[in-house]
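These are the residues of each chain, in order.
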Amino acid sequence: PDIDYTLYLCTDRNIMTTETIEESVELAIKGGVSVVQLREKECSSREFYEMAKAVKTITDAYEVPLLINDRIDIALAVGADGVHLGQSDLPLDAARNLLGADKIVGATANTVALAAERAGADYLGVGDVFGTTTKADTRHITLEELKEIKESVPIPIVAIGGGNEDVFSHTDCSG
């Protein structure tokens, strides 16, 4: 699918300043977010499902793709636009078989970018690039490494971690 990955939101209820995830997502979309990844590691399957349904109502209203982190079952159950998978999640080819060709399958890939792209990833999440306190198991990637990964694959790259107005106004991320 032709998706604008320019401003990619990865949710985290622990750092929200709003009452609900729906309000947080809607404000982010109004602020320019072009893709939403619902990433909730600390809730039951039922709670995640209900949250995904509610967030999908918001993303659908604004025609912004909704990706579900790790959980293909939740993505299928709510009709999400796709999933984002880490390196220890279900293999990309299995996810693609379950979701079909019309859904988005993203992958976290630092040093295995070519393998992830060949396995069917539509985009790659790389990093952390700018530092993050919301995910403990990242490996820092320099801007030079990010550029090398970007040049090695023909699919979009999403820089993970710590992006803010200051970073984007002082960093050439186009490379």
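Anyway, here's the lowdown on the structure attached to this text. Remember, predicted model here, so these are calculated numbers, not experimental data.

### Let's talk about the pairing of strand β3 (residues 66-69)
Residues Leu66 and Ile68 point to one face of β3 and Leu67 and Asn69 to the other, with burial holding for every one of them. In the sheet, strand β2 (residues 35-38) pairs with β3 via three bridges, with the strands oriented parallel. Opposite Val36, over in β3, you have Leu66 as the bridge partner. On the question of chirality, the crossover connecting β2 to the parallel β3 by way of helix α2 (residues 45-62) is right-handed. Pairing of β3 with strand β4 (residues 82-85), which is carried by three bridges, proceeds in the parallel orientation. Its bridge partner lying in β4, Asn69 is registered against His84. In the classification by handedness, the crossover that spans β3, the intervening helix α3 (residues 72-78) and the parallel β4 is right-handed.

### Focus: the nonpolar core
Ranked by size, the top nonpolar core spans 40 residues in total, and within it Val36, Leu38, Val55, Ile68 and Leu124 carry the most contacts. No other element matches the five residues that α2 contributes to this core. Of all hydrophobic cores here, the second largest spans eight residues; its members include Tyr8, Ile104, Tyr123 and Val158.

### A word on the packing of aromatic side chains
Scanning all chains against the criterion turns up two aromatic pairs. Seen in terms of ring centroids, Tyr5 and Tyr123 are 4.8 Å apart; in terms of plane orientation they differ by 35°. Their pairing is tilted. Of the two residues, Tyr5 sits in the segment before β1 (8-10) while Tyr123 sits in strand β6 (residues 123-126), which places them 118 residues apart along the sequence. Among the residues examined, Tyr5 registers a relative accessible area of 12% and is labelled buried.

### Observations concerning the sheet that holds β4
If you walk across this open sheet you meet the seven strands as β1-β2-β3-β4-β5-β6-β7, and the pairing is parallel. The sheet is open, and its two borders are formed by β1 and β7 (157-159), each paired with just one other strand. Taking each pair of neighbouring strands and ignoring which way they run, the sheet shows an average axis angle of 25°. With respect to the sheet, helix α6 (residues 143-152) is in contact with β6 and β7, its orientation differing from that of β7 by roughly 165°.

### Quick word on the pairing of β6
Because side chains alternate across β6, one face comprises the buried residues Tyr123 and Gly125, and the other comprises Leu124 and Val126, equally buried. Across three bridges, strand β5 (residues 104-108) lies against β6 in parallel orientation. Along β6, the bridge assignment pairs Ala107 with Leu124. As judged from the three bridges shared by β6 and β7, these two strands associate in the parallel manner. Of the residues in β7, the one forming a bridge with Leu124 is Ile157.

### Observations concerning the environment of Thr20
In this structure, Thr20 sits in the loop between β1 and α1 (21-30). Counting along the chain gives 31 residues from Thr20 to Met51, while the straight-line C-alpha distance between them is 9.7 Å. A distance of 3.3 Å separates the side chain of Thr20 from the side chain of Glu22, its partner in a polar contact.

### Thoughts on α2
Over its 18 residues, α2 runs 26 Å from end to end, which matches the ideal 26 Å to within 8%, given 1.5 Å per residue. Regarding α2, the residues found buried are Phe48, Met51, Ala52, Val55, Lys56, Ile58 and Thr59. Each buried residue of α2 lies within a common arc of 165° when the element is viewed along its axis, so the set occupies one face. Away from its buried face, by an angle of more than 90 degrees, α2 presents the exposed residues Arg46, Thr57 and Ala61. Where α2 is buried, its residues meet α1, β2, β3 and α3. Once α2 finishes, Glu63 follows within two positions and takes phi at roughly 55°, a positive value.

Rules behind the numbers
- Residues numbered from 1 in each chain as written.
- Predicted model: local features only at pLDDT ≥ 70, side-chain atom pairs only at ≥ 80, totals over all residues.
- Heavy atoms only, no water.
- Buried < 20%, exposed > 50% of the residue type's maximum accessible area, 1.4 Å probe, protein only.
- Helix = DSSP H or I, 4+ residues; strand = E, 2+ residues; numbered from the N terminus.
- Pairing = 2+ DSSP bridges.
- Right-handed = clockwise from strand over helix to strand, strands pointing away.
- Core = buried A, V, L, I, M, F, W, Y, C linked by side-chain atoms within 4.5 Å.
- Phe/Tyr/Trp six-rings, centres within 6.5 Å; stacked < 30°, edge-to-face > 60°.
- Axes fitted to C-alpha atoms, helices over the stretch in contact; angles between N-to-C directions.
- Contact = heavy atoms within 4.5 Å.
- Polar contact = N/O pair within 3.5 Å; in protein donor to acceptor, adjacent residues only side chain to side chain.
- Expected span 1.5 Å × (residues − 1).
- Arc of directions from axis to C-beta.

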